[in-house]
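Coordinate inspection notes
Residues per chain, in single letters:
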Amino acid sequence: MSTIVNRRDLDFLMYETLQLDSLLETDRYNDYDREAVTAILDLAQSIAEDKFQPFAGFLDENEPQFVDGKVEIIPQVKEAIDAYKEAGLFLTGYDADLGGMQLPWMVHQALNGVFVTANTSVSNYAFLTQGVANMLHACGSDELKQKYLPKLVEGEWFGTMCLSEPQAGSSLADIRTKAERREDGSYKITGTKMWISGGDHEMTDNIIHMVLAKVPGGPEGVKGISLFLVPKHQVGDDGAIGESNKIALAGLNHKMGHRGTTNCLLNFGESGETVGYLVGEENQGLTNMFHMMNEARIGVGMAATVIGLGGYLYSLDYARNRPQGRHLANKDPKTPMVMISEHADVKRMLMTQKVYVEGAHALMLYSAKLLDEQKLATTEQDKMRASLLLELLTPICKSWPSEFCLEANKLAIQILGGYGYTREYPVERYYRDNRLNHIHEGTHAIHGLDILGRKVRMADGAALKALVQEINADIARANKHAELGWYGERLTAAMAKVDETLAAVSMAKDMSLALANATTFLDAMGHVVIAWMWLKQATAASNGQQQGAAHDADFYAGKLAACKFFYKYELPKAMAKFDLVAELDDTFYSVEASQFTGQ
């Protein structure tokens, strides 16, 4: 049993639940069939298990070091990335016109998830680079694309995104990095960026930073932010690497997780002139950066999901093979012990992990399919519909797995008991790695404000209407199976509760109070969406049962049991949270800072 991927479940989600076959029949993706996709996933799993997974714990204990102004990293990291690159896997997410493989985004997300589970710290370098390349392709000038894009696409050069600053944190309106125009059309960049993953190392000849900065004289706040391509080393017109671009590595941050990924404090223009190149237009930086940020937010959600999956698969394997205790009715110490997977509370913890992880996995692949549908759309209406759905779901995609797949990791530790807290077992590392996803690409609170304050109302509520239509269509499909009717009723009631909550919030006169419980709304809305994902899976499992594949009987029964568990144990929690939001409760909102301690 693999502890980094459940291929049966992945096939179930892609083909039986989300109909990947229909994508493979289109002109855009008809170079691939199920056999080809299986071969690519086989390759990815093999490299992940042979080159990434074996040293994940060793890397965690031997994180990058700042020595004489440079970063030292254990050699296995570059060996793993080289294996990934030599297999052509850097190319999976790019279109054919860029020299890419033009895989469906659903498949790209699925195979990259295997590497995240195997070794999160190493996978970060590749996925940041892919995000930079996609953003440059979408927003950059022909000149910049010609000079930098091929090396990024091939994985010869790496990329980063530089947003945060020490004094600003998530408040991008308060960034101070400055970009001053030079006579040749480039810009002099000065300032400091913090928390830059992959910001410096010696594993590649060049690192391409995407930097947010303000041009003097521009508008105040976020409206005055521009985006710049700032290479670690200058690049000549012939593509040759030139002199240093004077980006100083000021130090490394040492996080609780992702320890094997360099995380840097970078100073621009401190030891000489740092030159940057405008991407897009001045004062449009945040809009352009969102090409990468939205992709990154879905990527963070996928990472949170598959890190949760790693803990679930490991703890499940452990529980099946760890004898301890006896059934409660058996008082005879001479009888054989049972595996702990037979104990009721261990079953509860395993089932909770299953519904969180497999529900989130379905959501992430569904969202990837929406990206594919955008590319396949033949009308502006179809393209807009897919875009609106994805916009609405993005805060949930990023935040719900970061919250609840982290809970799955906590339960994995609990199943291993005392062993779970030791570094000899990977589950404590999974927990530490996953805890960072709460912060990555926007905190939980930011995404709560986004969905309640903007996304549910955007385009006059068109996104929410589209979501309701999708859910209702799946309820109708589920109703073809009599045993699934109750779930449809519960999901319909939950969606009615969403409407009631939004109506109550819209009546609030104090907008700050109306949004005070936005995080609570985000969690509850996420539960409704995951309930929808479980209904989709239950329908697919019921279809599979009707087809009578005996070797899949346990698999399908497990899916139906998981759906029932989520609807009985998890969905009711959302209903209570919606009530709190609708009440405009101010219990914590009205507390003064001095009242927390009385001084």
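Rules behind the numbers
- Throughout, a residue's number is its position along its own chain's written sequence, starting from 1.
- Local features are withheld for residues below a pLDDT of 70 in this predicted model, meaning they are given only at 70 or higher, and side-chain atom pairs are given and counted only at 80 or more; totals for whole chains, interfaces and linings count all residues.
- Side-chain numbers here rest on the full set of heavy atoms in the structure, without hydrogens or water.
- Strand pairing is assigned whenever DSSP identifies at least 2 bridges connecting the two strands.
- Under the scheme used here, helices are H or I runs from DSSP no shorter than 4 residues and strands are E runs no shorter than 2 residues, and both carry numbers assigned from the N terminus.
- Put simply, buried Ala, Val, Leu, Ile, Met, Phe, Trp, Tyr and Cys residues joined by side-chain atoms within 4.5 Å make one nonpolar core.
- Burial here depends on accessible area, computed with a 1.4 Å probe over protein chains only, as a share of the maximum for the residue type. Under 20% is buried, over 50% is exposed, and the range in between is partly exposed.
- Whether two residues are in contact is decided by their heavy atoms, any of which lying within 4.5 Å being enough.
- To obtain an axis, a line is fitted to C-alpha atoms, over the contacting stretch when the element is a helix, and the angle between two such axes runs from 0 to 180 degrees between their N-to-C directions.
- An angle below 35 degrees is treated as roughly parallel, one above 145 as roughly antiparallel, one from 65 to 115 as roughly perpendicular, and anything else as oblique.
- Handedness of a crossing is defined here by the sense of rotation of the near helix relative to the far one, left-handed for an anticlockwise turn of less than a right angle and right-handed for a clockwise turn.
- Residue polarity follows a fixed list, in which Ala, Val, Leu, Ile, Met, Phe, Trp, Tyr, Cys and Pro are nonpolar, Asp, Glu, Lys and Arg are charged, and the others, Gly among them, are polar.
- We call two N or O atoms a polar contact when they sit within 3.5 Å, provided that within protein one can donate a hydrogen and the other can accept it, with sequence-adjacent residues counted only if both atoms are side-chain atoms.
- Ring pairs are drawn from Phe, Tyr and Trp, using the six-membered ring of Trp, whenever the two centres fall within 6.5 Å, and their geometry is named by plane angle: stacked under 30 degrees, edge-to-face over 60, tilted for the rest.
- For a Lys NZ or an Arg CZ to count as sitting over a ring, it must be within 6 Å of the ring centre and within 35 degrees of the ring normal.
- Domain limits in this description derive from either an automatic procedure or a database domain assignment.
- As a working definition, buried area equals the accessible area (1.4 Å probe) given up by two parts on being put together, with both sides summed.
- Here, a salt bridge means any Lys or Arg side-chain nitrogen found within 4 Å of an Asp or Glu carboxyl oxygen.
- Helix span is expected to be 1.5 Å times the residue number reduced by one.

As a further point, take the pairing of strand 9 (residues 241-244). Sheet topology note: the strand 8 (residues 233-235)/strand 9 ladder contains 2 bridges and is antiparallel. Within strand 9, the position partnered with valine 235 by the bridge is isoleucine 241. Joining the antiparallel neighbours strand 8 and strand 9 is a turn of 5 residues, in which glycine 239 adopts a positive phi near 90°.

This part is about the nonpolar core. Ranked by size, the top nonpolar core spans 157 residues in total, and within it Met14 and Val77 carry the most contacts. Non-local contacts of valine 77, meaning those with residues more than four positions away in its chain, are made with Phe55, Leu59, Val122, Tyr125 and Met203.

Contact pair helix 7 (residues 120-139) / helix 8 (residues 142-154): the axes reach a minimum separation of 9 Å and the direction vectors enclose 155°. In terms of orientation, helix 7 lies roughly antiparallel with respect to helix 8. Two packed elements cross with a definite hand, and for helix 7 against helix 8 that hand is left-handed. Contacts between helix 7 and helix 8 involve Thr129, Val132, Ala133, Leu136 and His137 from the first element and Leu144, Lys145, Tyr148, Leu149, Leu152 and Val153 from the second. Here the contact of helix 7 with helix 8 is composed, by residue class, of 8 nonpolar, 2 polar and 1 charged.

A word on the environment of tryptophan 532. Along the polypeptide, tryptophan 532 turns up in helix 17 (residues 518-547). Each C-alpha atom of the pair tryptophan 532 and aspartate 474 lies 8.0 Å from the other, and the pair is 58 residues apart in sequence. Those residues within four positions of tryptophan 532 in sequence are excluded, and the remaining contacts are Tyr366, Leu467, Glu470, Ile471, Asp474, Leu491 and Tyr567. At a separation of 2.8 Å, a polar atom in the side chain of tryptophan 532 contacts the side chain of aspartate 474.

Throughout the structure, instances matching the rule amount to 24 aromatic pairs. Clustering of aromatic rings is evident, with ring pairs tying together Phe52, Tyr84, Phe90, Phe115, Tyr125, Phe127 and Phe158. It is arginine 429 that lies over the ring of tyrosine 430; its NZ or CZ is 5.4 Å from the centre. Above the plane of the ring of tryptophan 486 lies lysine 568, whose end atom (NZ or CZ) is 5.4 Å from the centre.

By a widespread convention, an interface's size corresponds to the accessible area lost as its parts come together. Under the domain assignment, the protein is made up of domain 1 (7-152), domain 2 (159-283) and domain 3 (443-586). Each of domain 1 and domain 2 has a C-alpha centre, and these two points are 24 Å apart. On the domain 2 side, the residues contacting the 28 residues of domain 1 number 31 residues. With both sides pooled, the region where domain 1 packs onto domain 2 buries about 2700 Å², and carbon together with sulfur makes up 68% of that total. Seen at the junction of domain 1 and domain 2, the total is 2 salt bridges. A salt bridge links lysine 147 to aspartate 237; its shortest N-O distance comes to 3.5 Å.

Right, let's talk about unusual backbone geometry for a bit. Phi is positive for tryptophan 195, close to 65°, though the residue is something other than glycine. Mapping tryptophan 195 onto the fold places it in strand 5 (residues 187-197). Accessibility expressed as a relative area gives 45% for tryptophan 195, which makes it partly exposed. Its identity is not glycine, yet leucine 584 carries a phi of approximately 55°, on the positive side. Note on placement: leucine 584 falls in the segment after helix 18 (553-582).

Under the criterion given, the structure shown has 34 salt bridges. Between lysine 497 and glutamate 500 there is a salt bridge, with the nearest N and O atoms lying 3.9 Å from each other. Note that lysine 497 and glutamate 500 are positioned in helix 15 (residues 485-506) at a spacing of 3 residues, about one turn of the helix. Accessibility expressed as a relative area gives 17% for lysine 497, which makes it buried.

Turning next to helix 14 (residues 458-478). Its 21 residues give helix 14 an end-to-end C-alpha distance of 29 Å, which sits within 8% of 30 Å, the value for a rise of 1.5 Å per residue. Of the residues making up helix 14, those classed as buried are Met458, Gly461, Ala463, Leu464, Ala466, Leu467, Ile471, Asp474, Ile475 and Ala478. In the core, the buried residues of helix 14 are packed alongside helix 11 (380-416), helix 13 (444-455), helix 15 and helix 17.

Moving on to the packing of helix 1 (residues 7-17) against helix 3 (residues 34-52). Closest axis-to-axis distance for the helix 1/helix 3 pair is 13 Å, and the angle between their directions is 140°. With respect to helix 3, the element helix 1 is oriented oblique. Classified by chirality, the crossing of helix 3 by helix 1 is right-handed. For the pair helix 1 and helix 3, the contacting residues are Arg7, Leu10, Asp11, Met14 and Tyr15 in the first and Arg34, Val37, Thr38, Leu41, Asp42 and Gln45 in the second. Tallied by class, the residues present in the contact of helix 1 with helix 3 amount to 5 nonpolar, 2 polar and 4 charged.

Structurally, threonine 92 can be placed in the loop between helix 5 (75-86) and helix 6 (105-118). Within polar-contact distance, the side chain of threonine 92 engages the backbone oxygen of leucine 89 at 3.3 Å. There is a polar contact of 2.7 Å between the side chain of threonine 92 and the side chain of histidine 108. Once you skip the residues sitting within four places of it in the chain, threonine 92 turns out to touch Met101, Gln102, Leu103, His108 and Leu111.

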